[in-house]
Amino acid sequence: NGLEHQRSSENGQELGYFSEWNEKDGSDDLLPHEMTHSWNGKYRRPADQVVPNLNTPLQDSLLWVYEGQTQYWGNVIAARSGLRPMDRSRDVLASVVATYQDNRPGLAWRNVLDTTNDPIISARRPKPYRNYQMSEDYYSAGQLIWLGVDALIRQETGGRKSLDDFARAFFGINDGQWQQPAPYTFDDVVAALNAVHPHDWKAYLSDRIEGRVPFANSIESTGWRLVYKDEANAAAKAAKRVDGDFTYSLGLSLNKDGKVTDTRWDSPAFDAGIGTGMTVVAVNDLEYSSKVLADAVKAAKGTQGPIRLLVKDFNRYRSIDIRYHEGLRYPALERIAGKPDYLSAILNPRR
């Protein structure tokens, strides 16, 4: 857990965070995320969150800046500081890009701006089919939107300016002041971006947070693109997010006991009738384990036969066939030949 504060945040990690450092190298960016909140969110605070007393409800329309840009800086600062190795910073970003290219069908009906209402209306209660309902997507969706902003500034200024310049000018005002927050509006954000590099930032940001323009492809403006491989990347392994993760193949994820924690809307698993909360008991007549299911997915690649699951649904057992033959798929990033590499410039330490 992380709880931001202007001068000292509260940060909690699981047991083994330090003693298993080598194994988990780069698996988390909680510390740089919460440090960033000191100036993005606590000192520079959205105007509709600056309320006179605790009886006045907050409004959250700018959480895609408050949390979205902080999510962006969390990964960037983790890489620049050496807390997270460069390759793992790219790996983490690959998972975010994959989410918004291939695992958010809910974007067809709900935009990022609307998800800023989630802290008010849902209080972080768990949701089935989160990929379709969406929930607090302003975090990671915001991260990709700000990645696109950074890449565009670098591209149009020949690398002379970047989002670093925006952060310094926008969040770095009144250095040393902390007693009173400095509120801002959407128009203030646009004006500060224009002061760094003139562009139609109001339309650029509005089109993306309001769902008129896709934003996941912003990764390609950095000189990299999303691909899928048959083995999970190093960051996913370090964070222990591999076992039970068949999101981009079968379209489901499971915990260690075989309980389905999420099913991707319109995925092979979804089409076969598998829903959140069911438990996979056996795979092709073998007792379930993540390895057994992974082996079945590998064996089915290029064949015609289904993957046969025995599933417990409440107090009933039934057999379900999944017709999927494309093998294991895990997200990764690869360079686009001939395009400038802005992503490495973003993640490398500043000189």
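Our subject is the structure that appears above.
If you're wondering where the values come from, they're calculated on a predicted model, not measured in any experiment. (Residues numbered from 1 in each chain as written. Predicted model: local features only at pLDDT ≥ 70, side-chain atom pairs only at ≥ 80, totals over all residues. Heavy atoms only, no water.)

Draft legend 1. Summary view of the overall build of the protein chain. For the protein chain, the count of helices and strands is 15 helices and 13 strands. Relative to the globule expectation of 20 Å for 351 residues, the C-alpha radius of gyration of the protein chain, 22 Å, shows essentially globular dimensions. Taking the principal axes of its C-alpha atoms as reference, the protein chain extends roughly 65 × 55 × 45 Å. Of all 351 residues assigned to the protein chain, the portion counted as buried reaches 47%. (Helix = DSSP H or I, 4+ residues; strand = E, 2+ residues; numbered from the N terminus. Rg over C-alpha atoms; globule rule 2.2 N^0.38 Å. Buried < 20%, exposed > 50% of the residue type's maximum accessible area, 1.4 Å probe, protein only.)

Draft legend 2. Local environment of the pairing of strand β8 (residues 260–263). In terms of strand pairing, strand β7 (residues 252–254) meets β8 through 3 bridges, oriented antiparallel. Looking at β8, one finds that L254 is bridged to V260. Here β7 folds back onto β8 in antiparallel fashion, the turn holding 5 residues, of which G258 has a positive phi close to 90°. (Pairing = 2+ DSSP bridges.)

Draft legend 3. Focus on the sheet that holds strand β11 (residues 307–313). Spatial ordering of the open sheet is given by β10-β9-β11-β12, a layout of 4 strands whose pairing is antiparallel. Strand pairing shows two members of the sheet lacking a second neighbour, β10 (286–287) and β12 (316–322), which therefore form its edges. Here 4 bridges tie strand β9 (residues 279–283) to β11, and the two strands are oriented antiparallel to one another. The partner of V280 across the bridge, within β11, is V311. The sheet contacts of helix α14 (residues 290–300) involve β9, β10 and β11, and relative to β11 the element is tilted by about 145°. (Contact = heavy atoms within 4.5 Å. Axes fitted to C-alpha atoms, helices over the stretch in contact; angles between N-to-C directions.)

Draft legend 4. View of helix α3 (residues 68–81). Between its terminal C-alpha atoms α3 stretches 20 Å, which fits the 20 Å expected from 14 residues at 1.5 Å a residue. Where burial is concerned, most of α3 is hidden: 12 out of the 14 residues are buried. All of the buried residues along α3 are G68, Q69, T70, Q71, Y72, W73, G74, N75, V76, A78, A79 and R80. Contacts made by the buried residues of α3 are with α1 (30–37), α2 (63–66), α4 (86–102), α8 (138–156), α9 (163–171) and α15 (342–347). (Expected span 1.5 Å × (residues − 1).)

Draft legend 5. Representation of the environment of Q143. Mapped onto the elements, Q143 comes out in helix α8. Given a relative accessible area of 3%, Q143 falls into the buried group. Taking the C-alpha atoms as reference points, Q143 and I209, 66 residues apart in sequence, are found 11 Å from one another. Sequence-distant contacts of Q143, defined by excluding residues within four places in its chain, comprise G68, Q71, Y72, N75, L93 and V96.

Draft legend 6. Layout of the nonpolar core. The biggest cluster of nonpolar side chains holds 52 residues, and the ones touching the most others in it are W146, L193 and L205. No other element matches the 10 residues that α8 contributes to this core. Setting aside residues no more than four positions away along its own chain, L193 makes contact with W146, V149, I153, L163, F166, W201 and L205. In terms of nonpolar packing, the next biggest core, distinct from the first, is built from 26 residues, L250, L293, V311 and I322 among them. (Core = buried A, V, L, I, M, F, W, Y, C linked by side-chain atoms within 4.5 Å.)

Draft legend 7. Looking closely at the packing of α3 against α8. Two numbers describe how α3 lies on α8: the axes approach to 6 Å, and their chain directions differ by 70°. The angle between α3 and α8 places the two elements in the roughly perpendicular class. Of the two possible hands of crossing, α3 and α8 adopt the one that is right-handed. Contact with α3, carried on its side by G68, Q69, Q71, Y72, N75 and R80, involves Y138, Y139, S140, G142, Q143, W146, L147, D150 and R154 of α8 and no other residues of that element. Taken together, the residues of the contact of α3 with α8 sort by class into 5 nonpolar, 7 polar and 3 charged. (Parallel < 35°, antiparallel > 145°, perpendicular 65-115°, else oblique. Left-handed = near helix turned anticlockwise from the far one by under 90°. Nonpolar A, V, L, I, M, F, W, Y, C, P; charged D, E, K, R; others polar.)

Draft legend 8. Just a nonpolar patch on the surface, in detail. There is a patch of nonpolar side chains on the surface, built from V281, L310 and Y317 and spanning about 250 Å² of accessible area. Within the secondary structure, L310 sits in strand β11. What makes L310 partly exposed here is its relative accessible area of 33%. (Patch = residues over 30% accessible without salt bridge, like charges linked within 9 Å, V, L, I, M, F, W, Y side chains within 5 Å. Areas by Shrake-Rupley, 256 points an atom, 1.4 Å probe, with all protein chains shown as cover. Salt bridge = Lys/Arg side-chain N within 4 Å of Asp/Glu carboxyl O.)

Draft legend 9. Structural detail: unusual backbone geometry. You will see that A123, though not glycine, has its phi angle at about 50°, which is positive. Structurally, A123 can be placed in the loop between α6 (118–121) and α7 (130–133). Unlike most non-glycine residues, M134 shows phi in positive territory, near 70°. Inspection of the secondary structure assignment puts M134 in the loop between α7 and α8. Residue M134 is classed as buried on the basis of its relative accessible area of 0%.

Draft legend 10. Region of the structure containing empty space enclosed by the protein. Inspection of the entire model under this criterion finds 2 cavities of 30 Å³ or more. The calculated volume of the largest cavity comes to roughly 60 Å³. Around the largest cavity, the lining residues are Y17, W21, K24, D25, G26, S27, D28 and L83. Its residues placed into classes, the lining of the largest cavity shows 3 nonpolar, 2 polar and 3 charged. Those elements that provide at least two residues to the lining of the second largest cavity are α3, α8 and α15. Taken together, the residues that form the lining of the second largest cavity break down as 7 nonpolar, 2 polar and no charged. (1 Å grid on protein atoms, 1.4 Å probe; cavity = no way out; pocket = protein on both sides within 12 Å on 5 of 7 lines; lining within 4 Å. Points joined across faces, edges and corners; volume = space filled by probe spheres on them.)

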